[in-house]
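So the chains spell out like this:
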Amino acid sequence: MPRQQQGEGVPAGGDTAAPAMGTPPPMETDDSTELVFRSVDAFYDEYLCQVVRRRVDGVHLAWCPDWWSHPEAIARIATLWRAFEHLRLDPALGMSHWWLHHADPHLAVLMDPRTGPFTFCAGPDGHSAEIGPLPGNPSPPEMWDHPAFSLDAAEAADAEAEAKEEEEAGTQGPGQ
């Protein structure tokens, strides 16, 4: 497996930002663990596309040469990269776990020619942006006013509980 040097695969200026949709938070590493691949595109270019070889015909399997134009592909391949970097450290079963529980299911979804994100990315033109986001109507905002569904609701519930505790402590007064 090739080791990437610092700065390789990083655009000038160090900007590695992907499109906002599908972009995971920055990868956290401790100083003792060196990443094999410093970016998702390096992981794809130097490992994933070199190791995973399939007959991509648009009928049985689909793939887009501009995979990075699809938010779902970015999210899934970034997830594969993160899992790879974590699981490769387990010398016993790490990579088996990665293949069986990460790579195989994500690649099956990505390469599905009927329902995957690359469904219309076949033929001589390659990439197609024909598939849009999932349909959805705006939901009533009050539907999500519960701590199980919203951080704002959870924070409001915590603040309300704290205020109630302070009020109760104030009405009891000292020595009561």
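To be clear, the structure that these remarks concern was listed above.
These numbers were taken from a predicted model, which means no experiment stands behind them.

Undergrad: Mind showing me how you'd approach the overall build of the protein chain here?
TA: Of the regular secondary structure elements, the protein chain holds 4 helices and 0 strands. In the protein chain, the order of α-helices and β-strands from amino to carboxyl end is α-α-α-α. By the burial criterion, 26% of the 176 residues in the protein chain qualify as buried. Across the protein chain, contacts joining residues at least 24 apart in sequence account for 67% of those joining residues at least 6 apart.

Undergrad: Looking at this model, I keep getting lost on the packing of helix H1 (residues 40–51) against helix H2 (residues 71–87). Mind explaining?
TA: Two measures define how a pair of helices packs: the angle their axes make with one another and the distance between the axes. Between H1 and H2, the least distance of the axes is 9 Å, while the angle of their chain directions is 75°. Taken together, the axis directions place H1 and H2 in an arrangement best described as roughly perpendicular. Side by side, H1 and H2 meet where Val 40, Phe 43, Tyr 44, Tyr 47 and Leu 48 of the first sit next to Ile 77, Ala 78, Leu 80, Trp 81 and Phe 84 of the second. Partitioning the contact of H1 with H2 into residue classes produces 10 nonpolar, no polar and no charged.

Undergrad: Looking at this model, I keep getting lost on the pattern of salt bridges. Mind explaining?
TA: Tallying each qualifying case throughout the model produces 3 salt bridges. With its nearest N and O atoms 2.9 Å apart, the salt bridge here joins Arg 76 to Glu 72. With Arg 76 and Glu 72 both in helix H2 and 4 residues apart, this pair spans about one turn of that helix. Among the residues examined, Glu 72 registers a relative accessible area of 33% and is labelled partly exposed. Arg 88 is the salt-bridge partner of Glu 85, the closest N and O atoms lying 2.8 Å from each other. The class of Glu 85 is buried, set by a relative accessible area of 4%. What makes Arg 88 partly exposed here is its relative accessible area of 22%.

Undergrad: How should the packing of aromatic side chains be read in this particular structure?
TA: For any pair of aromatic rings, the description consists of the separation of the ring centres together with the inter-plane angle of the planes. By the definition in use, this model includes 14 aromatic pairs. Relative to Trp 99, the ring of Trp 98 has its centre 4.8 Å away and its plane inclined at 80°; by these criteria the two rings are edge-to-face. With a relative accessible area of 0%, Trp 98 lands in the buried category. Overall, the relative accessible area of 25% leaves Trp 99 in the partly exposed class. An aromatic cluster is present here, built from Phe 37, Phe 43, Tyr 47, Phe 84, Trp 98 and Trp 99 joined pairwise through their rings.

Undergrad: Looking at this structure, I do not really get H1. What am I missing?
TA: Residues three or four positions apart in an α-helix share a direction because the helix packs 3.6 residues into each turn. Taken together, the buried positions of H1 are occupied by Val 40, Ala 42, Phe 43, Tyr 44, Tyr 47 and Leu 48. Where H1 is buried, its residues contact H2 and helix H3 (94–110).

Undergrad: What's the story with the packing of H1 against H3 in this structure? I'm lost.
TA: In contact at an axis separation of 14 Å, H1 and H3 are set at 75° when each is read in the N-to-C sense. Between H1 and H3, the angle is such that the two are roughly perpendicular. In this structure, H1 uses Phe 43, Tyr 47, Leu 48 and Val 51 to contact H3, whose residues at the interface are Met 95, Trp 98 and Trp 99. For the contact of H1 with H3, the residue count by class is 7 nonpolar, no polar and no charged.

Undergrad: What's the story with the side chain of His 106 in this structure? I'm lost.
TA: Within the secondary structure layout, His 106 lies in helix H3. For His 106, the side chain forms a polar contact with the side chain of Arg 76, separated by 2.7 Å. Residues contacting His 106, with those up to four places away along its chain left out, are Arg 76, Thr 79 and Leu 80.

Calculation notes
- Residues numbered from 1 in each chain as written.
- Predicted model: local features only at pLDDT ≥ 70, side-chain atom pairs only at ≥ 80, totals over all residues.
- Heavy atoms only, no water.
- Helix = DSSP H or I, 4+ residues; strand = E, 2+ residues; numbered from the N terminus.
- Buried < 20%, exposed > 50% of the residue type's maximum accessible area, 1.4 Å probe, protein only.
- Contact = heavy atoms within 4.5 Å.
- Axes fitted to C-alpha atoms, helices over the stretch in contact; angles between N-to-C directions.
- Parallel < 35°, antiparallel > 145°, perpendicular 65-115°, else oblique.
- Nonpolar A, V, L, I, M, F, W, Y, C, P; charged D, E, K, R; others polar.
- Salt bridge = Lys/Arg side-chain N within 4 Å of Asp/Glu carboxyl O.
- Phe/Tyr/Trp six-rings, centres within 6.5 Å; stacked < 30°, edge-to-face > 60°.
- Polar contact = N/O pair within 3.5 Å; in protein donor to acceptor, adjacent residues only side chain to side chain.

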